[in-house]
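# Chains, contacts and geometry: an overview
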Amino acid sequence: MKTRRVDIPAVLTFLQESLDAGSSPSTLKVYVAVENLCSYKVSPVLYKQLRQVCEDHVQAQIHQFREYPSSSLDSLLFLKRMNRCWQDHCSQTIMIRSIFLFLDRTYILQNSLLPSIWDTGLELFRTHIVSDGAVQSRTVEGILEQIERERNGETVDRSLLRSLLGMLSDLQVYKDSFEQRFLTETNRLYAAEGQRLMQERDVPEYLHHVARRLEEENDRVISYLDQSTQKPLITTVEKQLLGEHLNAILQKGLWMLLDENRVCELMLLYELLNKVKGGLTALLQAWRDYIKSFGGEIVSSPEKDKEMVQELLDFKDKMDHVTQRCFQRNDTFINAMKEAFESFINKRPNKPAELIAKYVDSKLRAGNKEATEEELERILDKIMIIFRFIHGKDVFEAFYKKDLAKRLLVGKSASVDAEKSMLSKLKHECGAAFTSKLEGMFKDMELSKDIMIQFKQYMQNQSDPSNIELTVNILTMGYWPSYTPMDVHLPAEMVKLQEVFKLFYLGKHSGRKLQWQPTLGHAVLKTEFKEGKKELQVSLFQTLVLLMFNESDECSVEEIRAATGIEDGELKRTLQSLACGKARVLNKMPRGKDVEDADCFHFNSDFRHKLFRIKINQIQMKETVEEQVSTTERVFQDRQYQIDAAVVRIMKMRKTLSHNLLVSELYNQLKFPVKPADLKKRIESLIDRDYMERDKENPNQYHYVA
């Protein structure tokens, strides 16, 4: 068998010339030559000499970089030359690997200690070019300069940077030669930028700048940096632009953002601080402080009492919107908001509870045209959220009961369905015991309707029918607010009709006692003026005054007082409503808004009005401080009874208990706020009344007295 003689030097010389010329040889002929050489078992020599040829060629490339000018203008040209050298080297290594593929797949593959032709090419480039101190330094500095230019807004050749950084990564010097210096420079840049911009810009602008910087750095990673750099790079930016200025951002900007309801910036703030260690914790505390401060101003300002509840509802809506839209419905933030509301709303005891009750009254009262039934239901739901925060729910109940009584008795309730809906909400929130008296009021009104149907039938069977149509509401004393009895002089026909009803009612319900309340009464009077007949819808006090003008055209204040028996302050308000209001059915002499003892009143026969039935409102005396104090005092008295009952209940079960344990048990059982000093007074009172006694040897120990 004949074989062709193969000359190793000839093959390598041919390769060397091709490398120097930068051209590609006829690979097929050389490939066949290499295969023949390997067949003659000269692979070790061939590999060794191939490596030497490549090394000589790579070493020759270093001179062009060492002698290159070092001006900043030429750094880009340096990078381009480096990139061209690298690209040429890769192309040539690929060519060599294709020519010496047989050697690579046989001899080199079988010797695990020998690097492949491709790895050999990378090793030689790294050893002789990139690992050269001066060359590596200029390359890295050039890349860093280009990145800094881009960060300053200039346009750079990203493909060049991607290629060079890919080179460092392929040569496995990326982290040691580039990344460490890059992160150090990044840290320095953003540390200075953060300090400067925090002073120059407001917080919203600063936040948008930080978001833009983070987006730019992420884009940089995608475009040319190694993926492994992303985490330390973004962490560095977040630390210097956010972490180092966390308190300053919150102190300078959070309250302003919340005050101005800057939803987009608040959303951005949350997203950015969520990336920083301790960011959300700091935001949570600042958010809690803001709610306590802002809400505290609403609650603690007596001059704002009229608007307090509406402002609280609006504030709660606003904070809910922030948690939903900006804080991603984070449960921690929602709970912090609830705690903050509960904290500030109870800083002023009793008043918020009273005002919430009055606000509900304003919404449930007839004549409230502000909302449809659906809107009213939503308002009541929002009120219940605020109601949950207050500790003095018994104060709310006292004022709510007083206002509910007025609505029911005067027929001023906007909607029975809305009333019962509110009652259902209170029952669900506080339990059946809380609403039992309120439910009793509704039950009384329904029973009264049934009684009046029976009474009308009873009256039809009477031989002496009355000209007056009487409607009576039977109120159970324990359910309704207490009303001060007032004796007035009723016309004989009214007194007679009262006696008829009393006889009828007690005939059905023996053993009960009826107490008439003229302050709650009202009537419809038929009146004739020059213009024609009218009907006047008036209170019982107004009725008694007007009936006097059936007998006389002129009456003095003293005469009216003597005839009606109405208390002086109530009488003057009644006369004022008839002679000084919009519907003046009486004329006062002398004219004026205030009623004096010397005034005289005449029936105004010239009275005109477009309506047939005219409601003349009784001038309501504004709720006095005394009345408010009285209601609050009743609540306080009820609390004392509840404390006494709780102490006795606990001591009866435990028999013997220390003071501290008794107080602890009381705090667990009582549903209203109470001070330790008040508890101590009630305990002392029970000891004085022989419900319990102190231990003779240990004064802090109590014994139940059976």
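Below is a short write-up of the structure. Everything quoted here is computed from the prediction, not taken from an experiment.

Within the chain, the secondary structure is distributed over 29 helices and nine strands. The principal-axis extent of the C-alpha atoms belonging to the chain is close to 155 × 80 × 55 Å. Counting over 706 residues, the chain shows a buried share of 45%. Long-range contacts, defined as pairs at least 24 residues apart, comprise 70% of the intrachain contacts of the chain with a sequence gap of at least 6. Of the roughly 38,700 Å² of accessible surface on the chain, a fraction of 50% belongs to carbon and sulfur atoms.

With that settled, consider the pairing of strand S9 (residues 701–704). Across three bridges, the pairing between strand S7 (residues 656–658) and S9 is antiparallel. Note that in S9 the partner of Thr656 across the bridge is His703. Linking strand S8 (residues 692–694) back to S9 in an antiparallel pair, the connection comprises six residues.

Applying the stated rule across the entire model yields 28 aromatic pairs. Taken together, the ring pairs in this structure connect Trp255, Tyr290, Phe294, Phe315, Phe341, Phe344 and Phe389 into an aromatic cluster. Directly above the ring of Phe78 sits Arg138, whose terminal nitrogen or CZ lies 4.4 Å from the centroid. A cation over a ring is seen here: Arg407 above Tyr400, with NZ or CZ 5.5 Å from the ring centre.

Next up on the list: empty space enclosed by the protein. In this structure the tally under the stated criterion is one cavity of 30 Å³ or more. Volume-wise, the largest cavity comes out at about 150 Å³. Going through the elements one at a time, helix H3 (43–59), helix H5 (75–99) and helix H7 (117–130) are the ones with two or more residues in the lining of the largest cavity. With six residues, H3 is the largest single contributor of residues to the lining of the largest cavity.

Calculation rules
- Residues numbered from 1 in each chain as written.
- Predicted model: local features only at pLDDT ≥ 70, side-chain atom pairs only at ≥ 80, totals over all residues.
- Heavy atoms only, no water.
- Helix = DSSP H or I, 4+ residues; strand = E, 2+ residues; numbered from the N terminus.
- Buried < 20%, exposed > 50% of the residue type's maximum accessible area, 1.4 Å probe, protein only.
- Contact = heavy atoms within 4.5 Å.
- Areas by Shrake-Rupley, 256 points an atom, 1.4 Å probe, with all protein chains shown as cover.
- Pairing = 2+ DSSP bridges.
- Phe/Tyr/Trp six-rings, centres within 6.5 Å; stacked < 30°, edge-to-face > 60°.
- Lys NZ or Arg CZ within 6 Å of the ring centre and 35° of its normal.
- 1 Å grid on protein atoms, 1.4 Å probe; cavity = no way out; pocket = protein on both sides within 12 Å on 5 of 7 lines; lining within 4 Å.
- Points joined across faces, edges and corners; volume = space filled by probe spheres on them.

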